[in-house]
Amino acid sequence: MSEPPRILYARESALDVAEFRRVLEESGLGATRPVNDEPRLQAMLAAADLVLTARLDRPGTPLVGVARAVTDFAWCCYLSELAVSASVQGLGIGKGLLEEARRQLGPKVSLVLASMPDAVGFYHRMGMAPLANAFWYKRSI
């Protein structure tokens, strides 16, 4: 049995849009994100206050996970994406990205997200509480 790969977590404010798109597609989030609209993906990255990455510790350090968030670093943080390539799901990378987000935000900042239906169990296992009274205006395009 081989040893799981070492994962490098980092804050990357200048993440390449092609890498971001690839992980969105590989994770399954590409079905709900504008992966064919590069200017919009670039704007999503540029406007994020916190972009965390998970890379394999091997030549080329391929990107296998990303967490993108909007936050004031004082009160609240909205986690817009938590994407992990399907080929490495189950190795704790999503948990690692959540832990890194919480470490960087600190204990005074709440972390909020909208889960995809298939990921609800994951967030329960991570100890996140569901919100009963959340509301939104859905995007029209």
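Details of the structure are given in the entry above.
Below is a summary of the structure that appears in this document. If you're wondering where the values come from, they're calculated on a predicted model, not measured in any experiment. (Residues numbered from 1 in each chain as written. Predicted model: local features only at pLDDT ≥ 70, side-chain atom pairs only at ≥ 80, totals over all residues. Heavy atoms only, no water.)

Focus: the pattern of salt bridges
For clarity, the threshold we go by: By definition, a salt bridge exists where a carboxyl oxygen of Asp or Glu is found within 4 Å of a side-chain nitrogen of Lys or Arg. Numbering of helices and strands runs from the N terminus, with a helix taken as a DSSP run of H or I at least four residues long and a strand as a DSSP run of E at least two residues long.
Across all of its chains, the model carries 9 salt bridges by this definition. Across the pair Arg33 and Glu81 runs a salt bridge, and its minimum N-O distance is 2.7 Å. A residue pair is termed long-range when its members are at least 10 positions apart, and Arg33 in the loop between α1 (17-27) and α2 (38-47) and Glu81 in strand β4 (residues 76-84) qualify at 48 residues.

Considerations on helix α3 (residues 93-105)
Put simply, the rule is: Here the expected span of a helix is defined as 1.5 Å times the quantity of residues minus one. We call a residue buried when its accessible area falls under 20% of the maximum for its residue type, exposed when it is over 50%, and partly exposed in between, using a 1.4 Å probe and counting protein chains only. Between two residues, a contact is recorded if the distance between any of their heavy atoms is within 4.5 Å.
The terminal C-alpha atoms of α3 lie 18 Å apart, and with 13 residues this matches the ideal 18 Å at 1.5 Å per residue to within 8%. Among the residues making up α3, those that are buried are Ile93, Gly94, Gly96, Leu97, Leu98, Glu100, Ala101 and Leu105. Contacts from the buried residues of α3 go to β1 (7-11), β2 (50-56), β3 (63-71), β4, β5 (110-113) and α4 (120-125). Remark: Gly106 follows α3 within two positions and exhibits a positive phi of approximately 85°.

Let's talk about the pairing of β3
We count it as follows: Two strands form a pair only when DSSP identifies at least two bridges running between them.
Counting buried positions along β3 yields 8 of 9 residues, so the element is predominantly enclosed. Where β2 meets β3, 6 bridges bridge the pair, whose relative direction is antiparallel. Of the residues in β3, the one forming a bridge with Val51 is Arg68. In this structure, β3 lies alongside β4, joined through 7 bridges in antiparallel fashion. The residue of β4 that forms the bridge with Thr71 is Cys77.

Things to note about α2
Here is the rule: The directions considered for the arc run from the helix axis to the C-beta atoms.
Among all positions of α2, only Leu41, Met44 and Leu45 are buried. Take α2 and look down its axis: the buried residues cluster within an arc of 95°, on one side only. In α2, the exposed positions angled more than 90 degrees off the buried face are occupied by Pro39, Ala46 and Ala47. Buried residues in α2 make contact with α1, β2, β3 and β4.

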